[in-house]
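Inside the fold
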Amino acid sequence: MALRNRLAALGVCAWLGVVACGGGSSESYDIVLAGGRVMDPESGLDAVRHVGIRGDRIVAVSTSPLRGAQEVDVSGLVVAPGFIDLHAHGQNLSDNRWQARDGVTTALEMEAGVWPVESWYAERAKEGLLNYGGTVGHIGARIQYITGATSENDPAIGRLNAQGFPIWSHQRLEASEFPGLVALIEEGLRAGGLGIGMGINYSPAASPQEIYRVFELAAAHGVPIYVHVRGAGVGEPNGSFGSIQEMLSNALTSGASLHIVHLGSSGLIQGPKLATMIDAARARGVDVTTEVYPYTAASTAIESAIFDPGWQERLGISYGDIQWAATGERLTRESFDRYRKQGGPIIIHLIPETTVDSLVAHPGVMIASDGVPIINGRGHPRGVGTYARVLGRYVRERKALSLMDALGKMSYLPAERLRGALPEMARKGRVQVGADADLTVFDAERVIDRATFDDPAQASEGIPHVMVNGVFVVRDGQLVDGVLPGRQVRRTTPPSP
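Residues numbered from 1 in each chain as written. Predicted model: local features only at pLDDT ≥ 70, side-chain atom pairs only at ≥ 80, totals over all residues. Heavy atoms only, no water.

What about the side chain of His-349?
Along the chain, His-349 falls in strand 15 (residues 345-349). Within the structure, His-349 has its side chain in polar contact with the side chain of Gln-323 (distance 2.8 Å). (Helix = DSSP H or I, 4+ residues; strand = E, 2+ residues; numbered from the N terminus. Polar contact = N/O pair within 3.5 Å; in protein donor to acceptor, adjacent residues only side chain to side chain.)

Section: helix 16 (residues 382-397)
An ideal rise of 1.5 Å per residue puts 22 Å on 16 residues; helix 16 reaches only 19 Å between its terminal C-alpha atoms. Maximum bend of helix 16: about 45 degrees, positioned at Arg-389. The element helix 16 is largely enclosed, with a buried count of 13 among its 16 residues. (Expected span 1.5 Å × (residues − 1). Bend = angle between axes of the 7 residues up to and from the residue. Buried < 20%, exposed > 50% of the residue type's maximum accessible area, 1.4 Å probe, protein only.)

Let's talk about the sheet that holds strand 12 (residues 288-292)
Sheet architecture is open: eight strands sit in the order 6-7-8-9-10-11-12-16, paired in parallel fashion. The open sheet has two edge strands with one neighbour each: strand 6 (83-85) and strand 16 (366-367). Sheet topology places strand 8 (residues 131-137) next to strand 9 (residues 196-199); two bridges connect them, and they run parallel. Within strand 9, the residue paired with Gly-137 across the bridge is Gly-197. (Pairing = 2+ DSSP bridges.)

Structural notes on unusual backbone geometry
At the junction of Trp-115 and Pro-116, the peptide bond is cis and its omega measures out at -15 degrees in the coordinates. When you line up the elements, Pro-116 lands in the loop between strand 7 (104-114) and helix 5 (117-124). Of note in this structure, Asn-376 is not a glycine but carries a positive phi near 55 degrees. Take Asn-376: it is sitting in the loop between strand 16 and helix 16. Assessed through its relative accessible area of 77%, Asn-376 is described here as exposed. Positive phi, close to 55 degrees, is recorded for Lys-399, a residue that is not glycine.

Considerations on the packing of aromatic side chains
All chains considered together, the criterion is met by 11 aromatic pairs. Summarising the aromatic geometry, the rings of Trp-120 and Tyr-121 are spaced 5.1 Å apart at their centres and angled 85 degrees between planes, so their arrangement reads as edge-to-face. Both residues of the pair, Trp-120 and Tyr-121, belong to the buried class. Here a set of aromatic residues connected by ring pairs shows up, and it is made of Phe-307, Trp-311, Tyr-319 and Phe-336. The ring of Tyr-293 has Arg-382 sitting right over it, with the charged end atom 4.7 Å from the ring centre. One cation-aromatic arrangement involves Arg-475 over Phe-472; the distance from NZ or CZ to the ring centre is 4.6 Å. (Phe/Tyr/Trp six-rings, centres within 6.5 Å; stacked < 30°, edge-to-face > 60°. Lys NZ or Arg CZ within 6 Å of the ring centre and 35° of its normal.)

Details of the pairing of strand 15
Of all five residues in strand 15, four are buried, a share of seventy percent or more. Bridge count between strand 13 (residues 297-301) and strand 15: five bridges; the pairing is antiparallel. Paired with Ala-298 across the strands is Ile-348, a residue of strand 15.

Points about the side chain of Arg-430
Tracing the sequence through the fold places Arg-430 in the loop between helix 17 (403-419) and strand 17 (439-442). Separated by 3.0 Å, the side chains of Arg-430 and Glu-42 make a polar contact. At 2.6 Å, the side chain of Arg-430 forms a polar contact with the backbone oxygen of Lys-428. If we skip the residues at most four places from it in the chain, Arg-430 touches Asp-40, Glu-42, Ile-58, Pro-81, Tyr-412, Ala-415, Glu-416, Arg-419, Met-425 and Ala-435. (Contact = heavy atoms within 4.5 Å.)

Considerations on the sheet that holds strand 13
Taken in spatial order, the three strands line up as 13-15-14 in an open sheet, and their pairing is antiparallel. A strand with exactly one partner marks an edge of an open sheet, and here the two such strands are strand 13 and strand 14 (322-324). Across this sheet, the average inter-strand angle for adjacent strands is 30 degrees, counted without regard to direction. In this structure, strand 14 lies alongside strand 15, joined through three bridges in antiparallel fashion. Paired with Trp-324 across the two strands is Ile-346, which belongs to strand 15. (Axes fitted to C-alpha atoms, helices over the stretch in contact; angles between N-to-C directions.)

Such coordinate-based values are descriptive only and should not be taken to indicate function.
Set out below in structure tokens:
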């Protein structure tokens with residue numbers, strides 16, 4: 001026993017295996033997941049094992065049966081690392097409940113980011129069903145710098161320019177103003193932001209010089225940038241191709257780490273070609289990654305800059321390709337104009353299915369939901385069914401990729417993307433001794449998404465158990481009441497000056 005404890009303290013268990021140093025029958029655990037098909041994307045382990053959990057950690061992965069205060073028979077089921085969603089806009093308890101039933105254990109706001117960082121983390125701490133965190137929002141910092149607003153309820157956000165556009169998104173900053181904006185973003189980094197989130201498509205007045213200055217800031221502090229690129233579509237220079245080139249050039253010349261969000265909706269028909277460009281940049285030493293969600297429709301706010309005049313030509317769509325989320329109706333010119341004045345969420349049917357299929361299967365492309373809040377049972381289904389959809393439709397039905405590759409895209413690869421700025425993420429995205437007990441247990445023969453565009457409020461099926469930090473949040477297919485085991489994912493080491 002003393003030898004086993006000493007080896008465990010040195011971390012040797014993970015190397016030798018629990019049979020040598022951690023899973024004898026004399027041990028007892030808080031929870032045992034017994035007899036499941038354990039799949040670990042980092043090591044490639046795919047075998048029947050017994051998983052022993054003590055507190056918030058995995059302390060045994062054993063070929064022999066284990067004893068525990070709770071013993072859960074998971075024979076015939078897959079025991080996988082909990083899914084890490086890098087792109088979850090539904091940052092509230094209600095949306096977390098949908099995500100939990102889809103196997104998500106960590107839901108992060110990395111694209112738009114959060115602002116102000118300190119108060120956002122304080123609010124999220126009140127309802128942490130899942131692990132939570134966010135980047136510093138470039139848009140939020142820009143809003144404060146230009147309008148003075150420090151909360152989303154501040155009426156200053158609505159200030160318009162002479163053309164009737166919001167000044168925060170349509171006012172260009174001079175080079176002399178960049179230091180003031182950078183200082184605000186640095187304030188967010190000091191508060192623990194996980195990097196910098198940028199939605200350039202939503203702030204069209206942000207010049208290439210402004211964006212590059214933010215890349216330099218990220219490089220100086222050793223944090224990644226998560227970016228919604230400048231534009232989408234075939235029109236150049238600010239279409240899909242030119243927008244990806246701008247980001248790759250910035251990453252190469254600044255030295256910043258880069259993650260390009262939702263390549264499907266940003267790349268559209270050019271998505272597969274853009275994925276090969278990203279691969280080529282990575283092969284030449286650029287630290288760049290990307291993601292996709294498995295749907296042929298996007299979602300955003302109709303009042304956003306994406307729908308400034310000329311959107312039909314830029315995106316290659318028309319009014320009938322847009323769906324008003326609250327009712328499901330397809331729009332006309334009249335209803336588009338009316339709803340744009342009102343503001344609200346829409347669903348945009350514009351992504352070629354061939355692009356989605358190609359990117360979901362493309363090596364190294366992560367899965368992230370871009371999930372938006374479900375309001376009164378309405379919204380885009382990606383915030384409810386993304387992960388079960390990949391497992392059920394792309395792995396089991398279409399055999400577009402292997403189960404292990406899919407799990408890597410959902411857990412291990414996102415953890416690795418985060419690990420450069422947050423070393424403790426080495427404990428997530430894995431089923432190994434010493435890893436955090438964030439686990440998703442599913443039936444590979446039955447898992448499927450049920451959420452649709454017409455009825456998104458339908459939970460995924462075939463995911464009976466989900467555990468966050470050693471606590472069940474889903475048990476026997478049902479949400480567990482009264483538990484909030486989620487913890488903040490936050491940088492605690494001050495950034496380098």
